[in-house]
Amino acid sequence: SDQAATAADVTTLQVFRDLFSSEVLRPGEEISVGATTLMFTDLRNSTRMYREIGDAPAFGRVREHFEILEQAVTAEGGSIVKTMGDAIMAAFRNPASALRAVWTVQKQIAARGEPPLSLKVGIHHGPCIVVNLNDRLDYFGSTVNIAARLPNFSTGGEAIISESIRNDQEVIEFLEKNAPPNSLTRFQGDIRGYDQSMDLWRIQMQ
């Protein structure tokens, strides 16, 4: 039915997670999601920022960046799965939504205050499982493991995307309209726990 919503659809909606995360699955149960887009971000040089401008101002900048992230992710129909220090994990129904969200966030946080902030970002798309962990819907599986490691290839102000993201037609169209010339480069990345290197793409966002 066109009226039906899949597990992949509802688990990426922020309002659904806010209302039903602790109720939709009993502890120990899991649901398989055929394909979802996962994004991990990390704030570059945040430790140095705390040292340079002081704890209170630095925490204010970090909190502001979280607010911008949440607004952009929600606007694209995604959801914040969890925060980890200065990093987040977010889920989206499709690759282009994730890229549009982080593109907006990077431009906004770079324009606010000194020192300018920049994100290290990784985006990957694929199957995973969803479980109820600590009263929160969380994702597990190879797609999550790969996506979580992609920000390590970034030096800040960049999105590292997998081949599955790069080949998405909406992503191709978005990059053709928005990415500056020569801002997209391909490279081979060694992912910890995987025997073979992966084809990855680096997108300069600033």
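All values derive from a computational prediction rather than experimental measurement.

Criteria and thresholds
Residues numbered from 1 in each chain as written. Predicted model: local features only at pLDDT ≥ 70, side-chain atom pairs only at ≥ 80, totals over all residues. Heavy atoms only, no water. Helix = DSSP H or I, 4+ residues; strand = E, 2+ residues; numbered from the N terminus. Contact = heavy atoms within 4.5 Å. Buried < 20%, exposed > 50% of the residue type's maximum accessible area, 1.4 Å probe, protein only. Pairing = 2+ DSSP bridges. Phe/Tyr/Trp six-rings, centres within 6.5 Å; stacked < 30°, edge-to-face > 60°. Lys NZ or Arg CZ within 6 Å of the ring centre and 35° of its normal. Salt bridge = Lys/Arg side-chain N within 4 Å of Asp/Glu carboxyl O. Core = buried A, V, L, I, M, F, W, Y, C linked by side-chain atoms within 4.5 Å.

**Some words on the overall build of the protein chain**
The secondary structure content of the protein chain amounts to eight helices and eight strands. Pairs at least 24 apart in sequence give 72% of the contacts found in the protein chain among residues at least 6 apart.

**Regarding the pairing of strand β3 (residues 87–92)**
Counting buried positions along β3 gives six out of six residues, so the element sits mostly inside the fold. Taking every second residue as pointing to the same face, both faces of β3 are buried, with A87, M89 and A91 on one and I88, A90 and F92 on the other. As paired strands, strand β2 (residues 79–84) and β3 are joined by five bridges and run antiparallel to one another. Of the residues in β3, the one forming a bridge with S79 is A91.

**Considerations on the packing of aromatic side chains**
Counted under the stated rule, the structure contains two aromatic pairs. Ring geometry for W103 versus F174: centroids 5.3 Å apart, planes at 85°, classification edge-to-face. Taken together, the residues span a long stretch of sequence, with W103 in helix α5 (residues 95–110) and F174 in helix α8 (residues 169–178) at a distance of 71 residues. The buried category is assigned to W103, whose relative accessible area is 6%. Centroid distance F153 to F187: 5.7 Å. Interplanar angle 55°. Geometry classified as tilted. Placement of the pair is F153 in the loop between α6 (142–149) and β6 (158–162) and F187 in strand β7 (residues 184–189), with a sequence separation of 34 residues. On the accessibility criterion, F153 (21% relative accessible area) is partly exposed. Across the ring face of W201, the terminal group of R166 is positioned such that the distance to the ring centre comes to 4.9 Å. Lying over the aromatic face of F187, R202 brings its terminal NZ or CZ to 4.5 Å of the ring centre.

**Comments concerning the pattern of salt bridges**
Enumeration over the complete set of coordinates arrives at eight salt bridges. Taking the shortest distance from any N to any O, the salt bridge between E170 and R100 comes out at 3.8 Å. Taken together, the residues E170 in helix α8 and R100 in helix α5 connect sequence positions 70 residues apart. The residue E158 makes a salt bridge to R202 at a minimum N-O spacing of 3.2 Å. Of this pair, E158 sits in strand β6 while R202 sits in strand β8 (residues 198–204), and the two are 44 residues apart along the sequence. Judged by its relative accessible area of 4%, E158 is buried. Connected through shared salt-bridge partners, E76, R100 and E170 make up one network.

**Structural notes on the nonpolar core**
In this structure, L99 and I123 are the most contacted members of the largest nonpolar core, which totals 35 residues. In terms of nonpolar packing, the next biggest core, distinct from the first, is built from twelve residues, V33, M89, A91 and C128 among them.

**Some details on the environment of L184**
Examined against the element boundaries, L184 turns out to sit in strand β7. Exposure remark for L184: the relative accessible area of 26% places this residue in the partly exposed category. As for L184 and E158, which are separated by 26 residues in sequence, their C-alpha atoms are 9.8 Å apart.

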